[in-house]
Amino acid sequence: MSDRFGNYKDFDRLMSAIIIATTVDFILFLIFAGIGILWLKVITAIVAIGVPVLCLIRLVLSREWLRERSLWLTTGFAAIMVCTIVSLICNFPGPA
């Protein structure tokens, strides 16, 4: 039992690091969108959508996406992805 728990702790640490990195990428996306640097906005938007999609697929494949202990990971990745998509649709923030 402790081996399974240890494996989950490693999985949780990895996913936590990825969600923090993706959050930083989303913040960079907002900064570059506000400044008006289009090519950096596109790159950070692709990363801010692509990485959460891959992580959500990983959570589904490992059957962790609806478990109570991993629900915050699912919610976090989905929130970053949805916020990026809404920001792209609304074109906010835009250059002044």
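Each remark here, short or long, concerns the structure printed above.
This structure is a prediction, so every number in the text was calculated from the model and none was measured. (Residues numbered from 1 in each chain as written. Predicted model: local features only at pLDDT ≥ 70, side-chain atom pairs only at ≥ 80, totals over all residues. Heavy atoms only, no water.)

Caption draft 1: Summary view of the pattern of salt bridges. By the definition in use, this model includes 3 salt bridges. A salt bridge links R67 to E64; the nearest nitrogen and oxygen atoms lie 3.3 Å apart. Across the pair E64 and R69 runs a salt bridge, and its minimum N-O distance is 2.7 Å. Owing to a relative accessible area of 6%, E64 belongs among the buried residues under this scheme. Via salt bridges that share partners, E64, R67 and R69 belong to a single interconnected network. (Salt bridge = Lys/Arg side-chain N within 4 Å of Asp/Glu carboxyl O. Buried < 20%, exposed > 50% of the residue type's maximum accessible area, 1.4 Å probe, protein only.)

Caption draft 2: Quick peek at the packing of aromatic side chains. If you walk through the whole model with that rule in mind, you get 2 aromatic pairs. Taken together, a centroid distance of 6.4 Å and an interplanar angle of 45 degrees make the contact between Y8 and F11 tilted. Linking Y8 with F11, this pair stays in helix α1 (residues 2-35), spanning 3 residues, or about one helical turn. Classification of Y8 by relative accessible area gives buried; the value is 11%. Here R69 stacks its cationic end above the ring of Y8, 4.1 Å away from the centre of that ring. (Phe/Tyr/Trp six-rings, centres within 6.5 Å; stacked < 30°, edge-to-face > 60°. Helix = DSSP H or I, 4+ residues; strand = E, 2+ residues; numbered from the N terminus. Lys NZ or Arg CZ within 6 Å of the ring centre and 35° of its normal.)

Caption draft 3: Inspection of the packing of helix α2 (residues 38-61) against helix α3 (residues 71-90) at higher detail. One way to put it is that α2 packs onto α3 with a least axis distance of 9 Å and a crossing angle of 150 degrees. It follows from the interaxial angle that α2 and α3 lie roughly antiparallel. Of the two elements, α2 crosses α3, and the hand of that crossing is left-handed. Contacts between α2 and α3 involve K41, A45, A48, I49, P52, V53, C55, L56 and L59 on the former and, on the latter, L73, T74, F77, A78, I80, M81, T84, I85 and L88. Tallied by class, the residues present in the contact of α2 with α3 amount to 15 nonpolar, 2 polar and 1 charged. (Axes fitted to C-alpha atoms, helices over the stretch in contact; angles between N-to-C directions. Parallel < 35°, antiparallel > 145°, perpendicular 65-115°, else oblique. Left-handed = near helix turned anticlockwise from the far one by under 90°. Contact = heavy atoms within 4.5 Å. Nonpolar A, V, L, I, M, F, W, Y, C, P; charged D, E, K, R; others polar.)

Read these as layout, nothing more, since geometry by itself doesn't imply function.
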